[in-house]
Amino acid sequence: MRRLLLSLCLLTAPLLHADEWWAWSTLDLYRKPPWTGSVFLGNFADEVDGSWVQIVSPRVKYAAFKWLEFGLGLSMLRIENVAKNTYSGQLRPELEINPRYDLTEHLRLDWRNRMEWRENEGQAFTTSRTRHRLQISYTFPQPLGPLTRIFASNEWLMDLHLNQHTENRVVPLGLTFKLNSSTDLDISYMIDSKRAKTMWKHESILITYLRVRF
């Protein structure tokens, strides 16, 4: 047990040196299988670029099978440049097709596929993209205190108008903590890579994700 806790401490050390902080939360408001309804809330703070993004996204999901889920969402974003004191809005209808696979009783593979039609304020739908995230997670047979799960993922984003892979998001380690019977908290470290012409720019990000079920 001590070795495991020490290893987790060493792996989470990079969190202290993140360039950005993304604070997410999901409120599960409706759950009557196969339907679920929720609201996703997010804040993205970038100290380096001086930007701050807020997002509100109501979402509906339908579990067609045990291994396949469909989803619809409508995201509304407020994008602010703190340094220039300017902001703009973005509207983003979304469609998801998400298979998942139970590799063992405790090991699971999730594959999220999302289509986003993005309309920036004052512009047409010219920045649409697809997102594809593979995540593997292991749920402990017995919780280690509040720690119930570890996970890792990779997400690649494709710009449909440029026909190009423009962003990649790698989470080498994420931890899930059970705060109470209806609340979980994920803490993870992400390396976000964005293409700028022929070069890639890399930033490290701390993500906190609070999930509340009503």
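Reading guide: rules and limits
Residues take numbers from 1 onward in each chain, read along the sequence in its written order. Note on the predicted model: pLDDT of at least 70 is required for a residue's local features to be given, and 80 or more for side-chain atom pairs to be given and counted; whole-chain, interface and lining totals, by contrast, use all residues. Just so you know, side-chain values use all the structure's heavy atoms and leave hydrogens and water out. Labels follow the DSSP assignment, with helices taken as runs of H or I lasting at least four residues and strands as runs of E lasting at least two, numbered in each case from the N terminus. Three exposure classes are used, based on accessible area relative to the maximum for each residue type with a 1.4 Å probe and protein chains only: buried under 20%, partly exposed in between, and exposed over 50%. Contact between two residues is taken to exist if any of their heavy atoms lie within 4.5 Å; hydrogens are not considered. To be clear on the numbers: accessible area is Shrake-Rupley with a 1.4 Å probe, and residue cover counts the displayed protein chains and nothing else. A pair of strands is treated as paired once DSSP finds two or more bridges between them. For each structure, a 1 Å grid was placed over the protein atoms alone; sets of points admitting a 1.4 Å probe that cannot get out are labelled cavities, open sets with protein on both sides within 12 Å along at least five of seven lines are labelled pockets, and lining residues have an atom within 4 Å of a point. Grid points are joined across faces, edges and corners, and a volume is the space filled by probe spheres set on the points. Definition used for salt bridges: Asp or Glu carboxyl oxygen within 4 Å of a side-chain nitrogen of Lys or Arg. Stacked, tilted and edge-to-face pairs are distinguished by plane angle, under 30 degrees for stacked and over 60 for edge-to-face with tilted covering the rest, among Phe, Tyr and Trp rings (Trp via its six-membered ring) whose centres lie within 6.5 Å. Note on geometry: a ring has a charge over it if NZ (lysine) or CZ (arginine) is within 6 Å of the ring centre and within 35 degrees of the ring normal. Polar contacts, as used here, are pairs of N or O atoms within 3.5 Å; protein pairs need one atom able to donate a hydrogen and one able to accept it. Residues neighboring in sequence count only if both atoms are side-chain atoms.

1. Points about the overall build of the chain
- Along the backbone of the chain there are one helix and 12 strands.
- In the chain, the succession of helices and strands from N to C terminus is α-β-β-β-β-β-β-β-β-β-β-β-β.
- Within the chain, buried positions represent 38% of all 214 residues.
- The long-range fraction of contacts in the chain, counting pairs at least 24 apart against all pairs at least 6 apart in sequence, stands at 43%.
- When the accessible area of the chain is evaluated, it comes to approximately 12,900 Å², of which 63% is carbon and sulfur surface.

2. Considerations on the pairing of strand E6 (residues 107-116)
- As paired elements, strand E5 (residues 86-102) and E6 share seven bridges and run antiparallel to each other. Across the sheet, leucine 95 pairs through a bridge with methionine 115, a residue of E6.
- Where E5 hands over to E6, the hairpin turn is made up of four residues, counted between the paired strands.
- Direction of pairing for E6 relative to strand E8 (residues 129-144): antiparallel, over a ladder of 10 bridges. Of the residues in E8, the one forming a bridge with leucine 109 is isoleucine 136.

3. Quick look at empty space enclosed by the protein
- Under the definition given, this model contains one cavity of 30 Å³ or more.
- Estimates place the volume of the largest cavity at around 40 Å³.
- What lines the largest cavity is Arg59, Val60, Lys61, Gly71, Leu72, Gly73, Glu94, Glu96 and Arg114.
- Mapped by element, the contributors of at least two residues to the lining of the largest cavity are strand E3 (51-65), strand E4 (68-81) and E5.

4. With respect to the pairing of strand E10 (residues 164-180)
- Bridge count between strand E9 (residues 147-159) and E10: 11 bridges; the pairing is antiparallel. Bridging from a neighbouring strand, glutamate 155 pairs with arginine 169 of E10.
- Hairpin connection between E9 and E10: a loop of four residues separates the two successive antiparallel strands, and asparagine 163 in this loop has a positive phi of roughly 55°.
- By the bridge criterion, 11 bridges tie E10 to strand E11 (residues 183-196) in an arrangement that is antiparallel. Pairing of asparagine 168 across the sheet is with serine 193, part of E11.

5. Comments concerning the pattern of salt bridges
- Counted according to the given criterion, the structure contains 19 salt bridges.
- Here arginine 108 ties to aspartate 110 by a salt bridge, and the two come within 3.0 Å at their closest N and O atoms.
- Salt-bridge contacts for glutamate 116 lead to arginine 114; the nearest nitrogen and oxygen are separated by 3.6 Å. Taken individually, glutamate 116 and arginine 114 each receive the classification buried, so the pair is uniform in this respect.
- Connected through salt bridges with shared partners, the residues Arg59, Arg92, Glu94, Glu96, Arg112, Arg114, Glu116, Arg129, Arg131 and Glu155 form a single ionic network.

6. Brief notes about the side chain of serine 128
- Position of serine 128 relative to the elements: it lies in the loop between strand E7 (119-120) and E8.
- Serine 128 sits in the buried class, given a relative accessible area of 5%.

7. A short note on the packing of aromatic side chains
- Across all of its chains, the model carries nine aromatic pairs by this definition.
- Here tryptophan 35 and tyrosine 62 contribute two aromatic rings whose centre-to-centre distance is 4.8 Å and whose plane-to-plane angle is 50°, an arrangement assigned as tilted. Within this pair, whereas tryptophan 35 is found in strand E2 (residues 35-46), its partner tyrosine 62 is found in strand E3, the two being separated by 27 residues in sequence.
- Since its relative accessible area comes to 44%, tryptophan 35 is described here as partly exposed.
- Each ring, one from phenylalanine 65 and one from tryptophan 67, has its centre 5.5 Å from the other, and the planes form 10°; the classification is stacked.
- The ring of tyrosine 87 carries the charged tip of arginine 78 above its face, separated from the ring centre by 4.2 Å.
- Over the ring of tyrosine 209 we find arginine 211, and its NZ or CZ is 5.6 Å from the ring centre.

8. A look at the side chain of serine 193
- For serine 193, the location among the structural elements is in strand E11.
- Here serine 193 falls in the buried class, since its relative accessible area comes to 11%.
- In this structure the side chain of serine 193 is engaged in a polar contact, spanning 2.7 Å, whose partner is the side chain of histidine 202.
- Discounting residues that sit within four places of it in the chain, serine 193 has contacts with Thr166, Glu167, Asn168, Trp200, Lys201 and His202.

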